[in-house]
Amino acid sequence: MSQLGFHFNMATCIGCRACQIACKDRNNSKVGVLYRKVYDMESGTYPNPRIDHFSLGCNHCAQPKCVANCPTNALYKRAEDGIVMHDKAKCIGCKMCLWSCPYGVPQYKEDEGKAGKCDLCVDLMAKGEEPACVGACVMRALNVGEIEALRKQYGSTADVKGLPSSSTTHPSLCITTKKR
Amino acid sequence: MIKFIEKIQNHMISRRSFLGMSAGAIAAVSLTGCGLTKVATKQAEEIAKTEGQWLTAACWHNCGGRCLNKAYVVDGVVVRQKTDDTHPDTPDYIQQRGCARGRSQRHQVFGVDRIKYPMKRKHWEPGGGKKELRGKDEWVRISWDEALDTVAGEIKRIREKYGSNSILVTGGSEMPRTLGLYGGHSTHWGTTSWGTWRWGPSKFGMEDGYTEHSINDRLDLRNSELVVIWGGNPAWSAGGSPMYHYLQAKKAGAKFIIIDPIYTDTSETLEAQWVPIYPGTDHAMALGMAYTLVTEDNPALNPLIDWDFLNRCTVGFDAAHVPPGADPKENLKDYILGTYDGVPKTPEWAAEICGVEPETIRDIARKIGKTKRVALFTAWAAARTNNSDSWPQMFMSVGAMTGHMGQPGQMTGVSCHFATGNGGPYLVKPGGNGLPVIKNPVTDRINDNEMWETILTGKYTAGYNMKKDINIQLIYHGYNAVLQTRSAMNKGIDAHRKVEFVVSHSHFLTTNSKYADIILPATTEWEREGGFSNGNREMLIHYTRITQPLFEAKHDQWMAIEIGKRLGLKAEDIYPLSEKQQIFNQLAGATVIKEDGSGMEKLVTITAGDIAAMGVAGNPQQGRITLQEFREKGIYQVERKPGDKYGHIAYEKFRQNPEANKLKTESGKLEIHSKGLSDLIKNYGFTEIRPIPTYNRAIEGYEDTFKDWDNKIKGEYPLQIINPHYFRRSHSIFDNIPQLREVYPNPVFLSTKDAKERGIKSGDTVLVKSRHGKVLRTASVTERLMPGVVGLPHGAWAEIDEKTGIDKAGADNILTGPIATGQGTAGWNTCIGEVEKYNGETLIPDVKWPQRII
C-alpha cells in the first residue's frame, strides 16, 4: 500500500519558519491556527550552547490516533496514499482529534467551529507541485514522498528528543538528525 | 494617544467594508487580509476552485535577499502566494526561494491597517497647531485636494519665511525632484547599514560589500578549507539563498569559525567553532591575532605570514614599506609589537578588551595563517559601532598578512546582504529608467547622528572645525523610516514636535507617520505598473501589477507632480517620463552576461508590437529572451555550474601584477598605512584616526560599561545592547503583520547569567534602559548569548506610553544615542544599558495588540 510522508533534515533547518508561513498561506489559516509549526529547542550551557529546530506538520501516521478517536469519521486515511484527510462536512468540532494526536497537529478553527489539519496539499500534489512547506524551504530541509523510499534514502529515524515515541502512532516521518 | 478601543471597533467595520468592496470596487483583494468570517471562508473555497493566474509580485524590501514572489489571482482576488518553481532546484542552479516575510506580502498589501485616505492631525493648523500633540492627536480624513493644497501651502509658506534649507527631506526619490526645482531642500546622510564599511574602505583598497565586492563567488567558496565569519548571521540577516550557499561550502569540506556575541543559527548549522566576543572590540582581537602571526611566523619552519603578498601588494605593514613621505615609525608591525607606545598588542592585551581567551586568539591566528585556502569574511554589524573607522582596515590587514586574497578559495572582505558568500559583478541587470537627474541647489547635509539634535539646537557639523547654523521647520518624510531607524528616537520625537510642519507618505501608521501632521497614502509595488528587483548577481526579477490602487492610495510620483503643480512647476519638468516609459527603459537597457563570459549583451527582445502595446517610445531590439517570456516567468536567471565562465576571484589580476592592475588608492596598493583614510575621517569633523589601524575604544562601547576599568568595577550601564536583525521584519517593514507577530514574538534576549543576577526569567516583562531612553520587552533567557550582552531585535515600531515615556514595543533606537564619530558612523551596536524586572503592567504578546487602524 502506498503511504506518503515527510522527511525532515534537522541538521540543516535554521528555524526560519518559511514552511510554517507557506502552510498558513496555502490553508488561509488565521492567527492562532498553525497546521505546521516550528519548535525551537535550546540545550547546553554557555559557552557550549546548542539550538535545534523541528518543523512539524501532520505525520500521516500508519496508526493515527486522531482517526481512531474521531466520533464522526470526519478524519480518515485515504486508501490510495495513506494521507490523513479531514472531511469538514462531518466534523462537529468536538476537538477529540486535538486531544488524541500526540504531536499536537490538528487545530481548532474558532471561526468555523471545526477542526482542521495538514492534508499534504493534496490539490497541489495532484497538479505535480510540492506541498507548500516543502517548496518553501530555503535550506531544502523538507521532502515529501513515499515514506518507504524516503526511509531508504534518509534512514528511518522518527524519534528525537522532544517528540513522542514513534511506536504510538507509527508516523510517516523520517528525520535526519545531527551527528553530535 | 489614539483611542485603541475605538480602533478595534473600527477594525471590525473596516473588515466589513473591505469585504463589501471585494465584490467589485477593488480588482484584487487578499482573502485572509480581510479577516474573513465564516461566510467568507465559503467564498474562499469557491474561489479556490476557480482557475486563476500566477503573477510575479514584487518583494521589494531591504532584507539582504531578493526572491521570486508569485501571487495567485483568481477572479480579482489574491488567494495564495508561492515562490520560485520556474526551474528544477539544484545547489548550482538554485531556485530563488523567499522567506516567511515575503510570503506574508499579501497580508501587508491588503492589511486592514493600510492608510486608506489622506489624513490630517485633528489639531493641526498652519504653523503647527498644538505641535506637542503630534503622536497622540486624533486623525481626520481629508480629501486629496485638501491634502495636496495643505502640503504645497506649507512648503511655500515655510520656504518664504525660513528659506529653502529649512525643509528637510528625509528620503524617497520623488519629492527631491519637486523640491529640487523649487529652490532645493536640506538632506541627511549617514553610513546606515554599512557602518564604517561605507566610505573608508575605498581609501585603503577594499570594497563596501554592496555596490562592489572583495570576495569570490559562491561556487569558488566551495574551494575554501576554512571560512571565518567575523560577525554575520545570514540565517537571520540575509534572506534567500546565502545560508544554503554556505552549506554547500560545508558539504565540500570547509570548517567554519564564527566570531559573534550570539551563538547564531548560522553557527549551529555550519557546526562552527563559536568565538563569543564583546561588541565593538573586534579590532582588539584582530590585533592579538596579528601579534601571534608576527611573533610566531618563521618563513622556513612555521610560515604564517605571506611576505610575498605583503611586500608586493600592500604599503605600511613595516618600516621598510611605508608610503613615500610617511614617518617610518607609523607602521602596523611596530604598533603591533608596541615598539613606540610600549604596549605590545599581545593576545593577553586583546583578551582583556574583547573577552576572548588568549589561547583562542592564538589558535585562530594560527589556523588562518597555516590553512592554505581561507575565506575571511565579515558583515557590516561589527562596523556599526562608534569609533570603528580603523576596523575595516585592520580586517583587511589580517587578510593581507595571511595572503588570503585573489586566489581560488582565498578571499577577504565583506560577505553580507545581497552578496553573502557570493561576490562579483552582476551577471544580469536592468537598464536605467532614463529620468534626468534634478540637482538640489541646497548643500546643507546633516549627519544622521546629529539630525534630531540639529533640529532642536539649530547647529550641525559641516566638516573639520566647521559648524553651521540651520533652522529646520518642515520635515518631509518620503519613502523611508528615519524616525524609527536612526539613533536617538526620543530626540527625534522632540524634533518632530518642534517644527512647524511634518508630512509623511505612507502605507501604514508607521513611526514616521504617527508623529506627522499630514499622511499621504502611498501605493505599494503591487498596485503599480511593475518593476525590477536585482539582488544576488545571478538573477533579475521583473514583477508586474497585481492590483489596482487600494482605496485612495496614490503613487509617490503622482504626489510629487501634484504638489509640484501647486507650487507652479510643470509636471513634465518633474517627471518627463511616464511610469510605463521608465519601466520600458529599464527593460530595453537590461543586459546579461554573454555565454562566453566576455561581456554583456541585451537581455530582452522587444518588438514594435510590444512597444505599441505598452504605449511607449522606443526601438525594437534583439535580446536573449522575449518580453513575453520575461513577464511570464518573472525572472531571468543565469545558470551556474562549476567551471563555468561566470565565476569571480576578487583581486585576482591585482595579486598577479599589482603594478599593472593598480587599485584606486593613493598608492595603487592595499594600504595598511592610509593617509587617504585618516584625512577622509578628519575632514568629516567628528573624530580622528591614525593612518595605520590602531584600536580606538568606542564611545558607549565595552570599556564604558565600567566605572573603573583597571579594577573592573561595572558602572551604571553594565550591559552592551546590540540589535540583531530579526525575521519578523525587514528593518522596520512587516512589523505590523499579524501572522508574523504570531510567529516571531520579538522578545529581548538576555544571557542566563545576566538574567539570573537580576532575578529575571523567560516570560518576565523587563525594562531595558540606556542613558537615552527606556523600553519594555518580554525576556527570553538564553545560553546562546555572551554574558554582558543584550540582544534587542532591530526595527520594532515604537509604541510610547505617554504617561511613563517608556516604549512598549522595544524599539532599538529609543536606546541608541546621538553620537557622531568618524565617518558619521551609525554606531547602533555600541550602546550600553541595564535591564531590570518591570514592576508595572505585564506586556501582552504583540500579536494581541490592536492594529493601528485610522
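Scroll up to find the structure.
Report follows, based on the coordinates. (Residues numbered from 1 in each chain as written. Chains lettered and ligands numbered in written order. Predicted model: local features only at pLDDT ≥ 70, side-chain atom pairs only at ≥ 80, totals over all residues. Heavy atoms only, no water.)

Summing up its helical and strand segments, chain A has six helices and nine strands in all. Along the first, second and third principal axes, the C-alpha set of chain A runs to 50 × 35 × 30 Å. Per-residue burial over chain A gives 56% buried out of 180 residues. For chain A, contacts bridging at least 24 residues in sequence account for 57% of all contacts bridging at least 6. Per element, the accessible surface of chain A, about 7500 Å² overall, is 52% carbon and sulfur. (Helix = DSSP H or I, 4+ residues; strand = E, 2+ residues; numbered from the N terminus. Buried < 20%, exposed > 50% of the residue type's maximum accessible area, 1.4 Å probe, protein only. Contact = heavy atoms within 4.5 Å. Areas by Shrake-Rupley, 256 points an atom, 1.4 Å probe, with all protein chains shown as cover.)

Residues and elements named next belong to chain B. Taken as a whole, this structure holds twelve cavities of 30 Å³ or more when the rule is applied. As a volume, the largest cavity reaches approximately 140 Å³. Lining the largest cavity are 17 residues, with Cys59, Cys63, Cys67, Cys99 and Gly102 positioned closest to its centre. Split by residue class, the lining of the largest cavity holds six nonpolar, seven polar and four charged. Forming the walls of the second largest cavity are 17 residues, and the residues nearest its centre are Gly239, Ser241, Pro242, Phe418 and Asn536. Counted by class, the lining of the second largest cavity contains three nonpolar, twelve polar and two charged residues. (1 Å grid on protein atoms, 1.4 Å probe; cavity = no way out; pocket = protein on both sides within 12 Å on 5 of 7 lines; lining within 4 Å. Points joined across faces, edges and corners; volume = space filled by probe spheres on them. Nonpolar A, V, L, I, M, F, W, Y, C, P; charged D, E, K, R; others polar.)

Bringing the state of the cysteines into the picture now. Residue and element names in this part refer to chain B. Scanning the model with the defined rule gives zero disulfides over all chains in all. Left unpaired, Cys63 is separated from the closest cysteine sulfur, that of Cys99, by 6.0 Å. Look at Cys63 and you get buried, because its relative accessible area is 17%. (Disulfide = S-S within 2.5 Å.)

The buried fraction of strand β4 (residues 77-82) of chain B is high, at six of six residues. Between strand β3 (residues 69-74) of chain B and β4(B), which pair antiparallel in sequence order, lie two residues; one of them, B:Asp75, sits at a positive phi of approximately 50 degrees. (Pairing = 2+ DSSP bridges.)

All names here are of chain B. Two elements in contact, helix α11 (residues 282-296) and helix α15 (residues 358-370), have axes separated by 8 Å at closest approach and are oriented at 60 degrees. The two elements α11 and α15 meet at a crossing, and its hand is right-handed. Taken together, the residues of α15 that come into contact with α11 (itself represented by Met285, Gly288, Met289, Thr292, Leu293 and Glu296) are Ile361, Arg362, Ile364, Ala365, Arg366, Ile368 and Gly369. Taken together, the residues of the contact of α11 with α15 sort by class into seven nonpolar, three polar and three charged. (Axes fitted to C-alpha atoms, helices over the stretch in contact; angles between N-to-C directions. Left-handed = near helix turned anticlockwise from the far one by under 90°.)

Moving on to helix α19 (residues 489-496) of chain B. B:Met489, B:Gly492, B:Ile493, B:Ala495 and B:His496 are the residues of α19(B) that are buried. Across the axial projection of α19(B), the buried residues extend over an arc of 160 degrees, all falling on one side. (Arc of directions from axis to C-beta.)

Residue and element names in this part refer to chain A. Burial within helix α1 (residues 18-27) is extensive, with ten of its ten residues counted as buried. Taken residue by residue, α1 has Ala18, Cys19, Gln20, Ile21, Ala22, Cys23, Lys24, Asp25, Arg26 and Asn27 as its buried positions. With its phi angle positive at about 50 degrees, Asn28 sits one or two positions after the end of α1.

Right, let's get into the interface of chain B and chain A. Taken together, the 46 residues of chain B in the interface contact 45 residues of chain A. Roughly 3700 Å² of surface becomes buried between chain B and chain A when both sides are summed, with 53% attributable to carbon and sulfur atoms. Linking chain B to chain A there are six salt bridges. Here B:Glu268 and A:Lys178 are joined by a salt bridge, their closest N and O atoms 2.6 Å apart. Looking at the side of chain B that touches chain A, the elements with two or more residues in it are α2 (38-49), β4, α9 (242-251), α10 (265-269) and α28 (738-743) of chain B. In terms of residue count, the dominant contributor to the side of chain B that touches chain A is α28(B) (five residues). For the side of chain B that touches chain A, the residue count by class is 22 nonpolar, twelve polar and twelve charged. (Buried area = accessible area lost by both parts, 1.4 Å probe. Salt bridge = Lys/Arg side-chain N within 4 Å of Asp/Glu carboxyl O.)

Consider a sheet: its strands pair through backbone hydrogen bonds, and that pairing is either parallel or antiparallel. All names here are of chain B. Here six strands make up an open sheet; going across it, the order is β6-β5-β21-β20-β19-β7 and the pairing mixed. Sheet topology places β6 (139-141) and β7 (167-169) at the edges, where each strand pairs with a single neighbour. When the angles between neighbouring strand axes are averaged without regard to direction, this sheet yields 20 degrees. Pairing of strand β5 (residues 119-121) with β6, which is carried by three bridges, proceeds in the antiparallel orientation. By the bridge assignment for β6, Met119 is matched with Arg141. Across the face of the sheet, helix α21 (residues 556-566) comes into contact with β19 (474-477), β20 (501-506) and β21 (518-521) while running at roughly 125 degrees to β21.

What follows concerns the pattern of salt bridges. Residues and elements named next belong to chain B. Summed over the entire model, instances satisfying the criterion amount to 77 salt bridges over all chains. Note that Glu834 and Arg758 form a salt bridge whose closest N and O atoms lie 2.8 Å from each other. Separated by 76 residues along the polypeptide, Glu834 in strand β37 (residues 832-837) and Arg758 in the loop between α29 (752-757) and β34 (765-770) bring together distant segments of the chain. Using a relative accessible area of 18% as the deciding quantity, one classes Glu834 as buried. Each of Arg728, Arg729, Asp735, Arg741, Arg777 and Asp846 takes part in one network of salt bridges that share partners.

Residues and elements named next belong to chain B. In space, the three strands of this open sheet follow the order β22-β23-β28, with antiparallel pairing throughout. Each of the sheet's edge strands pairs with one partner strand only, and the pair in question is β22 (530-534) and β28 (635-637). Between one strand axis and the next, the sheet turns through 15 degrees on average, direction left out of account. Strand direction decides the pairing type here: β22 and strand β23 (residues 539-544), joined by five bridges, are antiparallel.

Cis geometry marks the peptide bond from A:Tyr46 to A:Pro47; its omega dihedral reads 5 degrees. You can see A:Pro47 is positioned in the loop between β2 (37-45) and β3 (48-56). Backbone geometry places B:Lys130, a non-glycine residue, at a positive phi of 45 degrees. Position of B:Lys130 among the secondary structure elements: in the loop between β5 and β6. For B:Lys130, a relative accessible area of 48% corresponds to the partly exposed category. Positive phi, close to 60 degrees, is recorded for B:Asn746, a residue that is not glycine. Inspection of the secondary structure puts B:Asn746 in the loop between α28 and β33 (748-751).

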